[in-house]
Amino acid sequence: QVQLVESGGGLVQPGGSLRVSCAASGSIFSIYGMGWHRQAPGKQRELVASITSGGNTNYVDSVKGRFTISRDNAKNTVYLQMNSLKPEDTAVYYCNADITSRTGGRVVTDRYWGQGTQVTVSS
């Protein structure tokens, strides 16, 4: 069974930095695209950043120049380094990954999600 486990959220002051991580585990054959979404109270979930298996990245305009997504393929882990944080970055951050794995005796490709980690930017 594939699992994505996030870590690194917390409380930080405006202008501060935080790094969140997401590690995939299970009977994994390949991991393709990985990404981070966020959902603030009363708002829809939005894609924050994504990274392909080849390392190409994409960001929502509101975080360009402040956030950096990266991945360590040997560790099946994706990171989101967040700098110059603003109160409007406060949200639950979810990682996702498109993974081919052995599940229930079959080889399947599916999108998996982490459980979410809270990031709060406040003084």
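**A short note on the pairing of strand S7 (residues 67-72)**
Burial of the side chains of S7 is restricted to one face: Phe 67, Ile 69 and Arg 71 are buried, whereas none of Thr 68, Ser 70 and Asp 72 on the reverse face is. In this antiparallel pair of consecutive strands, S7 and strand S8 (residues 77-82), the connection spans four residues, and Asn 76 shows a positive phi of 50°.

**Digging into the packing of aromatic side chains**
The way to describe two aromatic rings as a pair is by their centre distance and the angle between their planes. Taken as a whole and assessed by the stated rule, the structure comprises zero aromatic pairs. A cation over a ring is seen here: Arg 45 above Tyr 94, with NZ or CZ 3.8 Å from the ring centre.

**Focus: the pattern of salt bridges**
All told, the structure shown has five salt bridges when counted by the stated rule. The partner of Asp 89 in a salt bridge is Arg 38, with the nearest N and O atoms 3.0 Å apart. Taken together, the positions of Asp 89 in the loop between S8 and strand S9 (91-103) and Arg 38 in strand S4 (residues 28-39) put the pair 51 residues apart, joining distant regions of the chain. Classification of Asp 89 as buried rests on a relative accessible area of 0%. The class for Arg 38 is buried, based on a relative accessible area of 6%. Where salt bridges share partners, they join Arg 38, Glu 46, Arg 66 and Asp 89 into one cluster.

**Some words on the pairing of strand S10 (residues 106-113)**
Put simply, side chains in a regular strand alternate between the two faces of the sheet. Across eight bridges, the pairing between S9 and S10 is antiparallel. By the bridge assignment for S10, Thr 103 is matched with Arg 106. Between the antiparallel neighbours S9 and S10 lie two residues, among them Gly 104 with a positive phi of about 60°.

**With respect to the environment of Leu 80**
Mapped onto the elements, Leu 80 comes out in strand S8. Between the alpha carbons of Leu 80 and Gly 8 there is a distance of 9.6 Å; along the sequence they are 72 residues apart.

**Some details on the side chain of Glu 6**
Note on placement: Glu 6 falls in strand S1 (residues 3-7). Despite its burial, Glu 6 remains without a salt bridge, the nearest opposite charge being carried by Arg 45 at 7.9 Å. A polar contact is formed between the side chain of Glu 6 and the backbone nitrogen of Gly 116, at a distance of 2.6 Å. Within the structure, the side chain of Glu 6 is placed 3.1 Å from the backbone nitrogen of Thr 117, a separation counted as a polar contact. Excluding its chain neighbours within four sequence positions, the residues that come into contact with Glu 6 are Ser 21, Cys 22, Trp 36, Tyr 93, Tyr 94, Cys 95, Gly 114, Gln 115, Gly 116 and Thr 117.

**Section: unusual backbone geometry**
Phi at Asn 76 is positive, roughly 50°, even though this residue is not glycine. Residue position: Asn 76 is located in the loop between S7 and S8. Overall, Asn 76 belongs to the partly exposed group, its relative accessible area being 24%. Positive phi, close to 50°, is recorded for Ser 84, a residue that is not glycine. Positionally, Ser 84 belongs in the loop between S8 and S9. A relative accessible area of 41% places Ser 84 in the partly exposed class.

Reading guide: rules and limits
- Residues numbered from 1 in each chain as written.
- Predicted model: local features only at pLDDT ≥ 70, side-chain atom pairs only at ≥ 80, totals over all residues.
- Heavy atoms only, no water.
- Buried < 20%, exposed > 50% of the residue type's maximum accessible area, 1.4 Å probe, protein only.
- Helix = DSSP H or I, 4+ residues; strand = E, 2+ residues; numbered from the N terminus.
- Pairing = 2+ DSSP bridges.
- Phe/Tyr/Trp six-rings, centres within 6.5 Å; stacked < 30°, edge-to-face > 60°.
- Lys NZ or Arg CZ within 6 Å of the ring centre and 35° of its normal.
- Salt bridge = Lys/Arg side-chain N within 4 Å of Asp/Glu carboxyl O.
- Lys, Arg positive; Asp, Glu negative; His and termini not counted.
- Polar contact = N/O pair within 3.5 Å; in protein donor to acceptor, adjacent residues only side chain to side chain.
- Contact = heavy atoms within 4.5 Å.

These results come straight from atomic positions and should not be treated as a statement about function.
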